[in-house]
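Each chain is listed here by its residues.
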Amino acid sequence: MLVAACAVYLVLIAQRSWTLITSARPLGVVMGAALMVLPLIGAWVLYREVQFGLRTSELAKLLAADGLLPVDDLPRRPSGRPERAAADQRFAVVKSGVENDPGQWQKWYLLGLAYDDAGDRRRAREAMRRAVALHAAEGS
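Examining unusual backbone geometry
Reasoning step 1: Even without being a glycine, alanine 24 presents a positive backbone phi close to 70°.
Reasoning step 2: Relative accessible area serves as the criterion here: at 67%, alanine 24 is assigned to the exposed category.

Here it is as structure tokens:
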């Protein structure tokens, strides 16, 4: 639903910029051309995010089929986030697995989950990207 809303928003911005470009007013043409950059960047970002989601979802299905997805049994805070001490403990175990065998995409995927549980979204995405890249290289 959010992807559809973003796509509609990008189309509306593109229409507005096209209206400005075709207005034949110099300032309108310049503003329209500048505004056209936003939907192009937005479309590229949207495409990349959807591809990332599809690829990580594919890896999750592969791990689930092999019975390797961890059970979500961490104690939770009232906010729904895992308790930090429990997440850090699981993270240490998963990180040592990656350090011992850094060439397995499965371990990088699990590291991404552990980073997410620990609240580090940036590193979680990096680990997931690494898992996707290793899986792609494995298939080549």
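Quick word on the packing of aromatic side chains
Reasoning step 1: One pass over the structure, following the stated rule, counts one aromatic pair.
Reasoning step 2: Consider the rings of phenylalanine 91 and tyrosine 115, whose centres lie 4.8 Å apart with planes at 55°: the pair is tilted. Here phenylalanine 91 is found in helix α3 (residues 84-100), whereas its partner tyrosine 115 is found in helix α4 (residues 105-117), with 24 residues between them in sequence.
Reasoning step 3: What makes phenylalanine 91 buried here is its relative accessible area of 16%.
Reasoning step 4: When the ring centre of phenylalanine 52 is taken as origin, the NZ or CZ atom of arginine 129, which lies over that ring, is 5.5 Å away.

Details of the packing of helix α2 (residues 26-65) against helix α5 (residues 121-139)
Reasoning step 1: Viewed as axis vectors pointing N to C, α2 and α5 meet at an angle of 70°, and their least axial separation amounts to 10 Å. Taken together, α2 and α5 sit at an angle that is classed as roughly perpendicular. Listed contacts from α5 to Glu49, Phe52, Arg55, Thr56, Glu58, Leu59 and Leu62 of α2 are Arg125, Met128, Arg129, Ala131, Val132 and His135.
Reasoning step 2: Broken down by class, the residue content of the contact of α2 with α5 amounts to six nonpolar, two polar and five charged.

Things to note about the nonpolar core
Considering soluble globular proteins, one finds that nonpolar side chains tend to be buried as a cluster.
Reasoning step 1: Formed by 19 residues in total, the largest nonpolar core has its most connected members in Leu59, Trp105, Trp108, Tyr109, Leu111, Tyr115 and Ala131.
Reasoning step 2: Not counting the four nearest positions on each side in its chain, leucine 59 is found in contact with Trp105, Tyr109, Ala131, Val132 and His135.

Side note on α5
Reasoning step 1: Compared with the 27 Å implied by 1.5 Å per residue over 19 residues, the 27 Å span of α5 between its first and last C-alpha is a close match.
Reasoning step 2: Of all the residues in α5, the buried ones are Ala124, Ala127, Met128, Ala131, Val132 and Leu134. For α5, the angular spread of buried residues about the axis comes to 165°, placing them on one side. Exposed and oriented more than 90 degrees from the buried face of α5 are Arg122 and Ala137.
Reasoning step 3: Buried residues along α5 sit against α2 and α4.

What counts, and at which threshold
Residues numbered from 1 in each chain as written. Predicted model: local features only at pLDDT ≥ 70, side-chain atom pairs only at ≥ 80, totals over all residues. Heavy atoms only, no water. Buried < 20%, exposed > 50% of the residue type's maximum accessible area, 1.4 Å probe, protein only. Phe/Tyr/Trp six-rings, centres within 6.5 Å; stacked < 30°, edge-to-face > 60°. Helix = DSSP H or I, 4+ residues; strand = E, 2+ residues; numbered from the N terminus. Lys NZ or Arg CZ within 6 Å of the ring centre and 35° of its normal. Axes fitted to C-alpha atoms, helices over the stretch in contact; angles between N-to-C directions. Parallel < 35°, antiparallel > 145°, perpendicular 65-115°, else oblique. Contact = heavy atoms within 4.5 Å. Nonpolar A, V, L, I, M, F, W, Y, C, P; charged D, E, K, R; others polar. Core = buried A, V, L, I, M, F, W, Y, C linked by side-chain atoms within 4.5 Å. Expected span 1.5 Å × (residues − 1). Arc of directions from axis to C-beta.

On their own, these measurements won't tell you what the molecule is for.
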